[in-house]
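# Tertiary structure, described
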Amino acid sequence: PELQYPARLNAAVELLDRQAQQHPERVALLAEGQRWTYGELQARSNQIAHVLREDLGLVPGNRVLLHGPNTPMLAACWFAILKAGGIVVSTMPLLRAPELVKIIGKARVSHALSDASCLDTLLQAQRDAPSLTTLRSFRADGGELLALAETKPADFTPVETASDDVALIAFTSGTTGQPKGCLHFHRNLLAICDTFARHVLRASADDVFIGSPPFAFTFGLGGLLLFPLRIGASAALLENGAPPKLAEGIRTFGATVCFTAPTSYRMLAALPDPGVLRTLRKCVSAGEALPAATRELWRQVTGIELIDGIGSTELLHIFISADEEHARPGCTGQAVPGFQACVLDEEGRPLPPGQPGRLAVKGPTGCLYLDDERQKNYVQDGWNITGDTYLMDEDGYFVYQARSDDMIISSGYNIAAPEVEGALLSHPAVAECAVVGVPDELRGQVVKAYVVLNESYQPGQALTCELQTFVKAVIAPYKYPRRIEYRDALPKTATGKLQRFLLRQEPT
Ligand code: 3UK
């Protein structure tokens, strides 16, 4: 499909004002003890836009840091910043002061709006971040920002931004440690709604969206704010989206569409009363590879076929996926309508089907890094090189192998860490696991698994042997983990991705 957007376009107008005009009384956002209609969300964001321009001196192009868990006020601030012509710099609520200082510096942030619950860290960061001059905090029921906003009129004339003016600077979670800033235009915010959400997800205005990722993770921004608003549906926002709270939210709000990561689906499936999940009808999994065993488990517990999709901060949202009818276990799916994808060799030549190589993607949301050096390596010949190793089969289905730096080479064999993890996870003793290559004199690298056990299983030599034998029976025997270490927990990013690089750095 051709995505044509006018040259002048403000995403907040398209996503919020158009919907509010058509059905002001419809519910846009739900949260604990709160219910905001489209009309209310529009009015509040207009008032905050007035505050930004008139009281806080914001001029179009200023970068405004947004900090806080998913709440209706955070959503109102998001649209207020866009309407006022500002650029949203979204940050994960759990970041520490030094991480915030880095982001404020890299993105040259001048203003910040913060949920009162995480204001202290931001104030601490501000001491070492001289560009940040103006900071206000908000709460659902008060705070400095709301007090100012309530004195303002409910209408506001949005800045007529260009469709390719920057609307968002999103930072990657950093599976390698360093956060990378990605710029996205106003039109990109619509393009993700008009590709993945429209053609693969196909939700309706009656759906209630819910999920765990914060808006600062673009998986959550799309799934829990932009997608529902684009079609006039509702989003239930959770300040804490960990599985027990997610399950409670699904029940309280009667949620029908869920966005979360494979780990959460496994934990939800293990709940004592899966009946609380019965309102769900569509479930999207992203952020890390979806093991076939998790897809199967979810289908057994809920009857729902998961929609797996690979997305990235660089491309804003999901670009390879498959809807329920086209889902195949072990495959991420096909290029989402509007995107092209292929697999390239080291020299940048397309590889024939069946051969693993570097995943390359083109589409309406291409990457623009804050940092020019990174840009050169990431975009080659117009293709975004995502850093993943994939193969494409004869039907154009893409099969995930690993992050390119999570390929283990042992005795000359290429072994993808996630494949070994998938095999281990299909054993009932294994709750979570992470597989890395560790240096070995004889084999170059050997496969090592870090395993978190389910309750009622005891670590020990006997279990280690059992797991090794088990893996050899599920996948090619040379891939089995020669070493297994038991852990209570695994290191993860704020977006729930395994930090294998931390495990690789451990002394062996
Ligand atoms: C990995 C997957 C296999 C992959 C994201 C949906 O995860 C998101 O963005 P990030 O920038 O990370 C991107 C990287 O994560 N990945 C994501 N999804 C899958 N690997 N199967 C998957 N389904 O390595 C990718 O390069 O944090 C996901 C929407 C928006 C996002 N930002």
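Heads up: these notes are all about the structure in this document. All of these numbers come straight from a predicted model, not from anything done at the bench.

### Comments concerning the environment of Val101
For Val101, the location among the structural elements is in helix H4 (residues 97-106). Between the C-alpha atoms of Val101 and Gln126, which are 25 residues apart in sequence, the distance is 7.2 Å. Non-local contacts of Val101, meaning those with residues more than four positions away in its chain, are made with Ala125 and Asp128.

### Thoughts on the packing of helix H2 (residues 38-55) against helix H3 (residues 72-83)
Contact pair H2 / H3: the axes reach a minimum separation of 8 Å and the direction vectors enclose 55°. Judged on the interaxial angle alone, H3 and H2 are oblique. For the pair H2 and H3, the sense of crossing is right-handed. Across the interface between the two elements, Leu41, Gln42, Arg44, Ser45, Asn46, Ile48, Ala49 and Leu52 from H2 touch Pro72, Met73, Ala75, Ala76, Cys77, Phe79, Ala80, Ile81 and Lys83 from H3. Broken down by class, the residue content of the contact of H2 with H3 amounts to 12 nonpolar, 3 polar and 2 charged.

### Focus: the layout of surface pockets
Within this model, the second largest pocket holds a volume of roughly 1,300 Å³. Every residue lining the second largest pocket is counted, 46 residues in all, and those nearest its centre are Pro243, Thr263, Ser264, Met267 and Lys492. Those elements that place two or more of their residues in the lining of the second largest pocket are helix H10 (262-269), helix H11 (292-302) and strand E23 (430-440). Of the residues forming the lining of the second largest pocket, the biggest block, 5 residues, is contributed by H10.

### Let's talk about the site of the ligand
With respect to spatial proximity, 22 residues lie near the ligand, and among them Gly309, Thr313, Asp388, Arg403 and Lys497 are the closest. Between a nitrogen atom of the ligand and a main-chain N or O atom of Gly287, the distance comes to 3.0 Å. In the environment of the ligand, an oxygen atom lies 2.6 Å from a nitrogen or oxygen atom belonging to the side chain of Thr313. Protein chains shield 96% of the accessible area of the ligand, which is 600 Å² for the free molecule. When residues of the shell around the ligand are traced back to their parent elements, those giving at least two are helix H8 (218-230), strand E13 (307-311), strand E19 (383-392) and strand E20 (398-403). The leading source of residues in the shell around the ligand is E13, at 4 residues. Across the shell around the ligand, the residue classes break down as 8 nonpolar, 9 polar and 5 charged.

### Description of the pairing of strand E1 (residues 27-31)
Taking burial as the measure, the 5 residues of E1 include 5 buried ones, the bulk of the element. Of the pairings in the sheet, the one linking E1 to strand E2 (residues 34-37) comprises 4 bridges and is antiparallel in character. Residue pairing in the sheet places Ala31 in a bridge with Gln34 of E2. Counting the residues in the hairpin turn of E1 and E2 gives 2 residues, including Gly33, whose phi is positive at 70°. Of the strand pairs in this sheet, E1 and strand E10 (residues 234-236) are connected by 2 bridges, and their pairing is parallel. Across the sheet, the residue bridging to Leu30 is Ala236, located in E10.

### Considering empty space enclosed by the protein
This model, assessed by the stated rule, comprises 1 cavity of 30 Å³ or more. Computed from the structure, the largest cavity encloses a volume of approximately 40 Å³. As for the largest cavity, its lining consists of Leu66, Gly68, Leu74, Trp78, Ser90, Thr91, Phe215 and Ala216. Listing elements by their share of the lining of the largest cavity, those giving two or more residues are H3 and strand E4 (87-91). Residues that form the lining of the largest cavity fall into these classes: 5 nonpolar, 3 polar and no charged.

### A few points about the packing of aromatic side chains
Within this structure, the stated rule accounts for 10 aromatic pairs. Plain terms: the ring middles of Phe196 and Phe227 are 6.1 Å apart, the flat faces sit at 40° to each other, and that makes the pair tilted. Here the residue Phe196 occupies a position in helix H7 (residues 186-201), and Phe227 occupies one in helix H8, the gap between them amounting to 31 residues. Across the pair, Phe227 and Phe196 agree in class, each one buried. Relative to Phe339, the ring of Phe319 has its centre 6.4 Å away and its plane inclined at 50°; by these criteria the two rings are tilted. Taken together, the residues Phe319 in strand E14 (residues 318-321) and Phe339 in the loop between strand E15 (334-335) and strand E16 (340-344) connect sequence positions 20 residues apart. Take Phe319 and Phe339: they sit in the same class, and that class is buried. Ring pairs connect the aromatic residues Phe196, Phe209, Phe217, Phe219, Phe227 and Phe259, which therefore count as one cluster.

### A look at the environment of Lys362
Note on placement: Lys362 falls in strand E17 (residues 357-362). Assessed through its relative accessible area of 27%, Lys362 is described here as partly exposed. The sequence separation of Lys362 and Gly412 amounts to 50 residues, and the corresponding C-alpha distance is 32 Å. Setting aside residues no more than four positions away along its own chain, Lys362 makes contact with Gly338, Phe339, Gln340, Asp381, Gly382, Trp383 and Asn384.

### What to know about the sheet that holds strand E5 (residues 111-115)
The 6 strands lie next to each other as E6-E5-E3-E4-E7-E8, forming an open sheet whose pairing is mixed. The open sheet has two free edges, formed respectively by strand E6 (134-138) and strand E8 (181-185), since each of these has just one partner strand. Geometrically, the sheet is characterised by an average inter-axis angle of 20° between neighbouring strands, direction not taken into account. For E4 and strand E7 (residues 166-171), the ladder comprises 3 bridges, and the chain directions are parallel. If you follow Val89 over to E7, its bridge partner there is Ile169. Those strands touched by helix H5 (residues 119-126) are strand E3 (63-67), E5 and E6, and its axis lies near 175° from that of E6.

### Quick look at the nonpolar core
In globular proteins that are soluble, nonpolar side chains generally tend to be buried together. Ranked by internal contacts, the top residues of the largest apolar core, which has 109 residues, are Ile48, Trp78, Leu113, Leu189, Phe196, Leu201 and Leu225. Among the elements that take part in this core, H3 stands out by supplying 10 residues, more than any other. With residues near it in sequence (within four places) discarded, Ile48 still touches Met73, Ala76, Cys77, Ala80, Leu113, Leu145 and Ala149. Listed in part, the 23 residues of the second largest apolar core include Leu246, Phe253, Leu280 and Cys283.

Cut-offs used in this document
Residues numbered from 1 in each chain as written. Predicted model: local features only at pLDDT ≥ 70, side-chain atom pairs only at ≥ 80, totals over all residues. Heavy atoms only, no water. Helix = DSSP H or I, 4+ residues; strand = E, 2+ residues; numbered from the N terminus. Contact = heavy atoms within 4.5 Å. Axes fitted to C-alpha atoms, helices over the stretch in contact; angles between N-to-C directions. Parallel < 35°, antiparallel > 145°, perpendicular 65-115°, else oblique. Left-handed = near helix turned anticlockwise from the far one by under 90°. Nonpolar A, V, L, I, M, F, W, Y, C, P; charged D, E, K, R; others polar. 1 Å grid on protein atoms, 1.4 Å probe; cavity = no way out; pocket = protein on both sides within 12 Å on 5 of 7 lines; lining within 4 Å. Points joined across faces, edges and corners; volume = space filled by probe spheres on them. Near = heavy atom within 4 Å. Polar contact = N/O pair within 3.5 Å; in protein donor to acceptor, adjacent residues only side chain to side chain. Areas by Shrake-Rupley, 256 points an atom, 1.4 Å probe, with all protein chains shown as cover. Buried < 20%, exposed > 50% of the residue type's maximum accessible area, 1.4 Å probe, protein only. Pairing = 2+ DSSP bridges. Phe/Tyr/Trp six-rings, centres within 6.5 Å; stacked < 30°, edge-to-face > 60°. Core = buried A, V, L, I, M, F, W, Y, C linked by side-chain atoms within 4.5 Å.

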